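# A closer look at the structure
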Amino acid sequence: HNLSFIATRSTNISTANGVMTMENVRPTFGKLLTLNVTPSTPNQDLTLDRITGKLTITILDAFPADAKEIEFVINPRYSQLDVTTLLATNGQSVAQKVDCSSKAGKKDQAFSFNLLAPVLDAEYTADVTINVYNANNEVIHSVLINSVRLAANTRTLLSGEVFRATGATLNIDHSWNTDLV
């Protein structure tokens, strides 16, 4: 028998045709196991592996007074998990807006996203766009970071200045899985 074990705190989960859809991805762990049924009672110890990664974006410079919303577009971003392989499927461009009107003048503001991975033992890439809107819903600042390296069981840290022309810098932290290069 092939068994899939999945533990998650994700919300609004639905399952159909062997695919689990998560509206709000949270840290998720899983393990695939083949179990042979015998006349004796099977006994199996099980350790689940982290199958999500985390992207943290830290904006180093001060938010301007006219910034009302910040939008993070991750392309592709996965919200579906194939329960037979534990791999993310159906990656799409996903935008998430956050009210930032209370952040005027504040520096070093961090925003984090848990991400399902389409591969478990290798990196994949996604483009990240940061758009900042004013009260009229006009983009006043925009930064595109191409080919950000992401992976399951890995925390990727992006940090940089969004409101000046100096651009963003990329820092990768593999603290969850030090074997990943």
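Residues numbered from 1 in each chain as written. Predicted model: local features only at pLDDT ≥ 70, side-chain atom pairs only at ≥ 80, totals over all residues. Heavy atoms only, no water.

### Comments concerning the packing of aromatic side chains
Going through the model one piece at a time under the given rule, you end up with five aromatic pairs. An aromatic cluster is present here, built from Phe63, Phe72, Phe111, Phe113 and Phe163 joined pairwise through their rings. The ring of Tyr133 carries Lys97 above its face, with NZ or CZ at 4.1 Å from the centroid. (Phe/Tyr/Trp six-rings, centres within 6.5 Å; stacked < 30°, edge-to-face > 60°. Lys NZ or Arg CZ within 6 Å of the ring centre and 35° of its normal.)

### Some words on the environment of Asp121
Here Asp121 is to be found in the loop between β11 (109-116) and β12 (124-133). Take Asp121: its relative accessible area is 77%, and that puts it in the exposed class. In this structure the C-alpha to C-alpha distance between Asp121 and Ile51, which are 70 residues apart in sequence, comes to 9.7 Å. (Helix = DSSP H or I, 4+ residues; strand = E, 2+ residues; numbered from the N terminus. Buried < 20%, exposed > 50% of the residue type's maximum accessible area, 1.4 Å probe, protein only.)

### Quick notes on a nonpolar patch on the surface
Residues Leu3, Phe5 and Leu46 make up a contiguous nonpolar surface patch of roughly 200 Å² in combined accessible area. Counting through the fold element by element, Phe5 comes out in strand β1 (residues 2-8). (Patch = residues over 30% accessible without salt bridge, like charges linked within 9 Å, V, L, I, M, F, W, Y side chains within 5 Å. Areas by Shrake-Rupley, 256 points an atom, 1.4 Å probe, with all protein chains shown as cover. Salt bridge = Lys/Arg side-chain N within 4 Å of Asp/Glu carboxyl O.)

### Comments concerning the sheet that holds strand β9 (residues 87-89)
If you walk across this open sheet you meet the four strands as β2-β3-β8-β9, and the pairing is antiparallel. Two strands in the sheet have a free side with no partner beyond their single neighbour: β2 (11-16) and β9. On average, each strand axis in the sheet is tilted by 30° relative to the strand beside it, whichever way the strands run. When strand β8 (residues 80-82) meets β9, the two strands line up antiparallel, connected through three bridges. Each bridged residue has a counterpart across the sheet, and for Gln80 the counterpart in β9 is Thr89. (Pairing = 2+ DSSP bridges. Axes fitted to C-alpha atoms, helices over the stretch in contact; angles between N-to-C directions.)

### What to know about the pattern of salt bridges
This structure, assessed with the given rule, holds three salt bridges. Across the pair Asp49 and Lys31 runs a salt bridge, and its minimum N-O distance is 3.3 Å. With Asp49 in strand β5 (residues 49-50) and Lys31 in strand β4 (residues 28-34), this residue pair connects regions lying 18 residues apart in the sequence.

### Concerning the environment of Asn131
Here Asn131 is to be found in strand β12. Spatially, the C-alpha atom of Asn131 lies 5.7 Å from that of Ile70, the residues being 61 residues apart in sequence. Setting aside residues no more than four positions away along its own chain, Asn131 makes contact with Glu69, Ile70, Glu71, Val73, Val139, His141 and Ser142. Within the local environment of Asn131, its side chain forms a polar contact with the side chain of Ser142, the two groups lying 2.7 Å apart. (Contact = heavy atoms within 4.5 Å. Polar contact = N/O pair within 3.5 Å; in protein donor to acceptor, adjacent residues only side chain to side chain.)

### Digging into the nonpolar core
Counting 36 residues, the largest nonpolar core has Leu55, Ile57, Phe63, Ile70 and Ile130 as its most contacted members. Every element with two or more residues in this core is listed here: β3 (19-24), β6 (52-59), β7 (69-77), β11, β12 and β13 (139-150). In terms of residue count, the dominant contributor to this core is β12 (five residues). Excluding its chain neighbours within four sequence positions, the residues that come into contact with Phe63 are Ile70, Cys100, Lys103, Ala104, Gly105, Lys106, Gln109, Phe111 and Phe163. (Core = buried A, V, L, I, M, F, W, Y, C linked by side-chain atoms within 4.5 Å.)

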